[in-house]
Amino acid sequence: MNQAALHHLLISKEGIKGAHTTEELFKLRLATNLSLIKTLFFSLYPESSENQIHFHNLLDSMEHLFGIRPDELKKLDLERIKQGNWYQNERLVGMQLYVDRFNKDLNGLVDRLSYLEDLGINFLHIMPITTRPSGESDGGYAVNNYHEIDPKFGTKDDFLALTALARSKNIFLMLDFVVNHTSDEFSWAKKAKAGEEKYQGYYHTYTDRIIPEEFEKTLPEIFPESAPGSFTHVPEMDKWVMTCFNNYQWDLNYTNPEVFIEMLGNLVKMANMGVDVVRFDALAFLWKKLGTISQNLPQAHELISLFRLCLQVIAPGVILLAEAIVAPRNIIKYFGEGILEGNECEVAYNASLMALLWNSIATKQTSLLYKSLMEIPTKPNDATWINYIRCHDDIGLGYDDEFIRDMGWNPSAHRKFLLDYYCQGLEWSPARGLIFMYNPKNGDGRITGSAASLLGLEKALEEKDKVAIDLSIAKILMLHGIILSYGGIPMIYMGDELGTLNDYSFRTNAAHKNDSRWVNRPVQDWKVVDKLKSKKNHSFKIYSGLKKLIQLRKKLPLLADNNNLTLHPSSNSQVFVFERTSDSGSLWIISNFDKAPQFLDVAWLFSIGISFGSDPKDLISKKKLVLEEGRLKLDPYQQMWVALG
Ligand code: GLC
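Attention here is on the structure that accompanies the text. For clarity, every value in this text was computed on a predicted model and none was experimentally measured.

1. Considerations on the state of the cysteines
Working step 1: For the structure on display, the rule yields zero disulfides.
Working step 2: Of the cysteine sulfurs around Cys310, a residue in no disulfide, the closest is that of Cys345, at 14 Å.
Working step 3: Here Cys423 is not disulfide-linked; the sulfur of Cys391 is the nearest cysteine sulfur, at 15 Å.

2. A word on the site of the ligand
Working step 1: Inspection of the region around the ligand gives Asp138, Tyr141, His181, Phe223, Phe245, Gln249, Arg279, Asp281, Glu323, His392, Asp393 and Arg517 as its neighbouring residues.
Working step 2: The side chain of Asp281 places a nitrogen or oxygen atom 2.8 Å from an oxygen atom of the ligand.
Working step 3: In this structure, His392 approaches the ligand through a side-chain N or O atom, which is 2.9 Å from an oxygen atom.
Working step 4: Within the complex, 94% of the 310 Å² of free accessible area of the ligand lies under protein.
Working step 5: Grouping the amino acids of the shell around the ligand by side-chain chemistry returns three nonpolar, three polar and six charged.

3. As for the pairing of strand β2 (residues 123-126)
Working step 1: Taking every second residue as pointing to the same face, both faces of β2 are buried, with Phe123 and His125 on one and Leu124 and Ile126 on the other.
Working step 2: Summarising the sheet, strand β1 (residues 94-97) and β2 pair through four bridges and their orientation is parallel. Within β2, the residue paired with Gln96 across the bridge is His125.
Working step 3: Inspection of the sheet shows β2 paired to strand β3 (residues 172-177) by four bridges, in the parallel sense. Paired with His125 across the strands is Met174, a residue of β3.
Working step 4: A crossover links β2 with its parallel partner β3, the connecting element being helix α9 (residues 156-168), and its sense is right-handed.

4. Section: the side chain of Asp394
Working step 1: Among the structural elements, Asp394 can be located in the loop between β12 (384-388) and α18 (401-406).
Working step 2: Residue classification places Asp394 among the buried residues on the basis of a relative accessible area of 14%.
Working step 3: Only 2.8 Å separates the side chain of Asp394 from the side chain of Arg446, close enough to count as a polar contact.
Working step 4: Excluding anything up to four places from it in sequence, Asp394 contacts Phe436, Arg446, Ile447, Thr448 and Arg517.

Rules used in this analysis
Residues numbered from 1 in each chain as written. Predicted model: local features only at pLDDT ≥ 70, side-chain atom pairs only at ≥ 80, totals over all residues. Heavy atoms only, no water. Disulfide = S-S within 2.5 Å. Near = heavy atom within 4 Å. Polar contact = N/O pair within 3.5 Å; in protein donor to acceptor, adjacent residues only side chain to side chain. Areas by Shrake-Rupley, 256 points an atom, 1.4 Å probe, with all protein chains shown as cover. Nonpolar A, V, L, I, M, F, W, Y, C, P; charged D, E, K, R; others polar. Buried < 20%, exposed > 50% of the residue type's maximum accessible area, 1.4 Å probe, protein only. Helix = DSSP H or I, 4+ residues; strand = E, 2+ residues; numbered from the N terminus. Pairing = 2+ DSSP bridges. Right-handed = clockwise from strand over helix to strand, strands pointing away. Contact = heavy atoms within 4.5 Å.

Encoded structure:
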C-alpha cells in the first residue's frame, strides 16, 4: 500500500475508529501490509520450516524496531502521512554535501546552516558519516558500522542534535544506506575472516575460482582500472569473496534471509536517528545470479519492496530514494511495477536527464535529449525524481545506442567525442574534466569534474576571457534552472552554487589518487562565501542567480511534481522547451543550448500555447517577451521561464 492509500485508510472512519495509539496504528499498518510482506518473503526465501522460523523472527524484529523508535518520530510519521506526498512539493530544494569538506564536522555544519538557508536549501543529503576503514573507503561507502558516527565528524549526540535542529526548522535530511555491501572491517566481515561459517554465509564466499569465474563471464566491471574483476581473495579465510565495487567492499548475500532481517534492523536504527529520506545506495546490485549482469533482477525489486513495506509499517514517514544509475527504462522500475507499484521507492535519481543534459551541452543539440526523455514511460503519480547536474560521482555515458544511431551518429564514435570534449581531448573545447575508469578493452569511460570546470569556467578564468566567463556562468545557471523547474526535487551539489572549480589535490593523497571522482569533491571555500557581499565576481553572479531561481521556484505551485510536464520539440534543435501545466495556467521553460543566439518562431510559440496576445513574460528577467521580425530571440545559453500575463 503506498503513502497516499495509507493516508486514505488512516483518515477513513474504519482506520481511525479502531486505532488511536501509535501502537494500534502500527498494528493496523502491519495488518494491511502483511499479506504482501509474506508473499515477497516467501518468494525470495521459499517455504521451508527454517524459513518459517525466519519469517517469525522478522515479525518479532519489526515489533521490536517499532518499539525502539523514538516517540517524537512516531508522531512525525503520522504527520508526514497526513501531509501526503510532501516530497513532490515545489518548496523543496536540496543540497548534497560532505560534512568534513563543507565545514569540518557536524557542529561546523550547524554553524553554517544559515548559509544554506539563505540560499533557500531545506533538504540535505549528508554524505556517509559513519565509521569506515582509515585508508581507502570509497568516500565512506565502505561501511564499518551503520550507526557509529566516525569521530572525525563528531559524536552521535552531535548528529542527534543536528537532526532535531533540522526538524525544528523543517529541513529534511537524507542519509545513505549502503545496502549492497559492507567494508571488509565490518563486524560480520571480521568474523568471516576469523573462520565463522555463519558470517561467511553473509557474503558470497567461495573456496575456489570455479563459480567466481562463471560469474565474471557476465558481471560488468564497475571500477575496471582500480578494482578489476568482481572477486577478491581473502587470505585469512582462504576464500574468494564477491566484491563488485572495490576489493574492500564485500557484497552482502541476500539469498540468506538472516542478512535481510539484520539489514532491516540496521536500516531502521539509522532512520531512528531522525533521517527523513534513505538513499538506497547501489540498489540495482542487490541480487546476484549466474549468467546475468546481476543488476536490476526481479529479485532485487522484490527485496527492495520487502525493505520498503517493513519500513513503512515501522516508520511510515520515512521514504526511500533509489540510487539506480541504470538505463532509463530500468530506473523507472524502482518506483515499483505491477503489484509492487507504489511499494518500492518514492524517489529516484533522474540520471537520464543529468547525462542527457551533458550530451546537449557538448553537442549544442537537444534532439537526443528530447528523444530519450520522450521514450521514458510516465512514472507513477506518487513518485518523484531527484533532478541534478553533478554529484560526488562520475558522469556515465549511458545513452541508448539505438537513439544515438537515430541521430545519425555512430554510438562509439559519439561517446569518444564526448570523452574528448569533456576530458581535454579537443583543443577548442571549454571543458576541463578528467576521464574516469577508462576501459581500453571496449573504449568505455566516464567523466569527472566539477560543474563549473566542465562548463568552461576554469579555462575561462585562467585565460582571463571575460566573454567566456560570462558564457560559462550562463550555462551553469541554465542547467540549474532546468533542474529547478523539471518536476522533482532539485539537488544542488555543494560548491556548485559558487562555481567551485576542480580540486586536483586528490593526486597527492594516497587514499584518493586512484579515484578521479575526488576532483569533484572540493572543500568549501568560506573565504569566497564571506566575500559574496563585497566582491561581485563570478561566484557572486552564480550564487545570486541561483538564489533568485530558487526563490522563484518556491513561488510557483505548478512546479510541484504532479506529472504535469510536457516536452515541446521545435524545429530549432539548439533549444530545449518544456511546459509545466496546471489548471490555472502554464509555465514554459525555454533554454538555449548554443553559444550563438537562437530564435523561435512566433507561430510555433503560439502552437504550444504562448500567445503574444496574452502578454507573455519571462519571470527570470521580469521582462515582457518581445518579437524581432516575428521571432523570439534567446541569447547564448539564455533561459526564460515564460508565463502569460
Ligand atoms: C554509489 C555511490 C558511489 C559508490 C558506490 C558504491 O554508486 O554513489 O559513490 O562508489 O555506490 O558504494
